[in-house]
Amino acid sequence: MNRKILAATAAAITGAGLVTAIALTPSASAGQQATAGDQAQSEMLAAMSRDLKISPEQAKLRLASEQRAAVADNTLKKQLGTSYAGSWLDSTGTTLTVAVTDAAQADLVRAAGATPKTVARSASDLDAAKLRLDAKSTKAPKTVPGWYTDVTTNSIVVLANAGGEAAAKSWAAESGVPSEVVRIEASAEKPRALIDIIGGNAYTFGSGRCSIGFPVEGGFVTAGHCGTTGTRTSNPSGTVAGSSFPGNDYAWVRADAGNTPRALVNRYPGTVPVAGSTEAAVNSSVCRSGSTTGWHCGTILQKNTSVTYPEGTITGLTRTNVCAEPGDSGGSWITGDQAQGVTSGGSGNCTSGGTIYFQPISEILSVYNLRLMVTGNPPSSTTTTPTTPTSPTTSNPPGGTWAPYTYYGSGATASYGGSNYRVIQPHTSMPGWEPPNVPALWELA
């Protein structure tokens, strides 16, 4: 899967962000961007290499493949409509499979560079079945730590602790979900909310501390179990303006005057810029930031997962094989430079491994009508007026100024082949994405 996906989908990209590999701070000069970009890319690829057990070069190729897959999947989701039944990448992150309920749509999937698979139930069918389980969450056995839609098997998986398989099966049947839709899977998970210790990029509330998830205009988002609405926070100071837990696990904090949200995630050391919030596919790589255990990476296992903590059931989470420990709560999840969500909870640790869940960012932004801070937008402060970004260079040396693996923010310009181009959509460039080849990203200046 390479340029074929890009060619089939580039024209369809309008307002959605791309899942790109590494982005640079847009206010830096061109030379500073190159230096910062090299360092950011090296450190992120090193973390992926360590945790995914692949080489840095394989990590770079994987990110490039994943961003093409994300664009193709988002386009196909719209084109396939009710026939769409989910998508996933293979274990290497290079082959995208898109499930459909109508075999006649297979050619459309192939044309986008993906592999079609015909299944019995659509994504909406699976979601409807899972909603039945969610509606019975208060009656779920204590031996059932969670349940989720599994697009790879076109079923709903109900997790069951040792000895609880029969109770799990009986509960699923009572919910009204047909037996052929449900799979009972043994699990040692005993998830809990990660709230006990200091979080990364910490903020405090009462006697506890959690992590900032992603900066938004006026404050930041985090985990709902970190504080109820009206709770005061410190460092940065603010007030929890909205919180939902259990049921959901999200909150947002309205920061006091003087605090400045920036489109960055702490990587320990250094930072990673945030360019958007395009949702990554199942089996995509994902990295998590938290102060207790630092920066760790893995893959997305399933989406639309329900998890039962001692406080109650949380629905709509994303399940991963990334480790975390208490104190990482509320922290950031990111694929390339695209925000994915905030740490909720899970089981295990970063010594023996674990299963951790995050609350997707899109729902948080939608519920509270928030605007994610992304590269290309000036930082938002409650006390100062943002300065005007430095105008990009318009010099036109032989060969042009465009280069791969470079972040181009809103309004940036570059020259290529004797012509000047202007960015339509912020992105990190990749080989083969030269301005004349991707009209969805560049236009003639």
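Residues numbered from 1 in each chain as written. Predicted model: local features only at pLDDT ≥ 70, side-chain atom pairs only at ≥ 80, totals over all residues. Heavy atoms only, no water.

Visitor: I'd like to hear about the overall build of the protein chain, residue by residue, with values.
Guide: Scanning the protein chain from terminus to terminus reveals seven helices and 27 strands. The proportion of buried residues among the 445 residues of the protein chain is 54%. Taking the intrachain contacts of the protein chain between residues at least 6 apart in sequence as the baseline, contacts between residues at least 24 apart amount to 61%. By element, 52% of the accessible surface of the protein chain is carried by carbon and sulfur atoms, the whole surface being about 17700 Å². (Helix = DSSP H or I, 4+ residues; strand = E, 2+ residues; numbered from the N terminus. Buried < 20%, exposed > 50% of the residue type's maximum accessible area, 1.4 Å probe, protein only. Contact = heavy atoms within 4.5 Å. Areas by Shrake-Rupley, 256 points an atom, 1.4 Å probe, with all protein chains shown as cover.)

Visitor: I'd love a proper account of helix α3 (residues 56–80), names of residues and values included.
Guide: With 25 residues, α3 ought to run about 36 Å at 1.5 Å a step, and its terminal C-alpha atoms sit 35 Å apart, in line with that. Backbone geometry just downstream of α3 places G81 in the positive-phi region, at approximately 60°. (Expected span 1.5 Å × (residues − 1).)

Visitor: Can you break down the environment of G346 residue by residue, with the values?
Guide: Relative to the helices and strands, G346 resides in strand β21 (residues 338–349). As for G346 and A324, which are separated by 22 residues in sequence, their C-alpha atoms are 7.8 Å apart.

Visitor: Before we move on, could you go through the nonpolar core and cite the residues and values that matter?
Guide: If you look at the biggest cluster of nonpolar residues, it comprises 29 residues, and the most contacted ones within it are M48, F214, V221, V274 and W295. Counting residues per element, the ones that place at least two in this core are α2 (30–52), α3, β10 (214–216), β14 (250–255), β18 (294–309), β21 and α7 (361–368). Tallying contributions element by element places α2 first for this core, with five residues. With residues near it in sequence (within four places) discarded, V221 still touches I212, G213, F214, V216, A251, W252, G330, V342, I361, I364 and L370. Listed in part, the 15 residues of the second largest apolar core include L126, A129, V144 and V158. (Core = buried A, V, L, I, M, F, W, Y, C linked by side-chain atoms within 4.5 Å.)

Visitor: Summarise the sheet that holds β14; cite the residues concerned and give the values.
Guide: Across the sheet, five strands lie side by side as β10-β11-β14-β13-β12; this open sheet has antiparallel pairing. At either end of the open sheet lies a strand with only one pairing partner, and these are β10 and β12 (232–233). Pairing of strand β13 (residues 238–244) with β14, which is carried by six bridges, proceeds in the antiparallel orientation. Following the sheet pairing, G242 is matched in β14 by W252. (Pairing = 2+ DSSP bridges.)

Visitor: So, the state of the cysteines: which residues are in play, and what are the values?
Guide: According to the stated counting rule, one finds three disulfides in the structure shown. Note that C210 is cross-linked by a disulfide to C226, the S-S spacing being 2.0 Å. Between C210 and C226, the S-S dihedral sits near -80°, and the bridge is therefore left-handed. In this pair, C210 sits in strand β9 (residues 208–211) while C226 sits in the loop between β11 (219–222) and β12, placing the two residues 16 residues apart along the sequence. Judged by its relative accessible area of 0%, C210 falls in the buried class. Look at C226 and you get buried, because its relative accessible area is 2%. Residue C287 pairs covalently with C297 via a disulfide, S to S 2.1 Å. Residues C287 and C297 are joined by a disulfide whose S-S torsion is about 100°; by sign, that bridge is right-handed. Taken together, the residues C287 in strand β17 (residues 285–290) and C297 in strand β18 connect sequence positions ten residues apart. (Disulfide = S-S within 2.5 Å.)

Visitor: Quick rundown of unusual backbone geometry? Include the residues and the values.
Guide: Trans peptide bonds make up the majority, and among non-glycine residues the majority have a negative phi. Residue P236 follows N235 across a cis peptide bond; omega there is 5°. Position of P236 among the secondary structure elements: in the loop between β12 and β13. Cis geometry is found at the peptide bond from F245 to P246, where omega equals -10°. Within the fold, P246 resides in the loop between β13 and β14. Of note in the backbone geometry, N369 takes a positive phi value of approximately 55° without being a glycine.

Visitor: Describe the side chain of K130, with residues and values.
Guide: Relative to the elements of secondary structure, K130 occurs in helix α5 (residues 123–135). Not counting residues up to four positions away in its chain, the partners in contact with K130 are W147, Y148, T149, I156, N304, T305, S306, T315 and G316.

Visitor: Quick one: what's the story with the sheet that holds strand β24 (residues 413–416), residue by residue and with numbers?
Guide: Taking strand neighbours across the sheet as the criterion, the three strands line up as β24-β25-β27 in an open arrangement whose pairing is antiparallel. Looking at strand neighbours, the two that pair on one side only are β24 and β27 (442–444), the edges of this open sheet. In this sheet, neighbouring strand axes are inclined to one another by 40° on average, regardless of whether the strands run parallel or antiparallel. In terms of strand pairing, strand β25 (residues 419–423) meets β27 through three bridges, oriented antiparallel. Each residue of the ladder has a partner; that of V423, found in β27, is W442. (Axes fitted to C-alpha atoms, helices over the stretch in contact; angles between N-to-C directions.)

Visitor: An account of the environment of Q340 is needed here, citing residue identities and associated values.
Guide: Its location among the elements puts Q340 in strand β21. Taking the relative accessible area as the measure of exposure, Q340 reaches 5% and is therefore buried. Sequence separation between Q340 and C287 is 53 residues, and the spatial gap between their C-alpha atoms is 9.4 Å. When near neighbours in sequence (up to four residues on either side) are disregarded, Q340 contacts F214, T278, E279, A280, V286, W333, I334, T335, F358, Q359, P360 and I361. A distance of 3.3 Å separates the side chain of Q340 from the backbone oxygen of Q338, its partner in a polar contact. (Polar contact = N/O pair within 3.5 Å; in protein donor to acceptor, adjacent residues only side chain to side chain.)

Distances and angles like these do not, on their own, reveal function.
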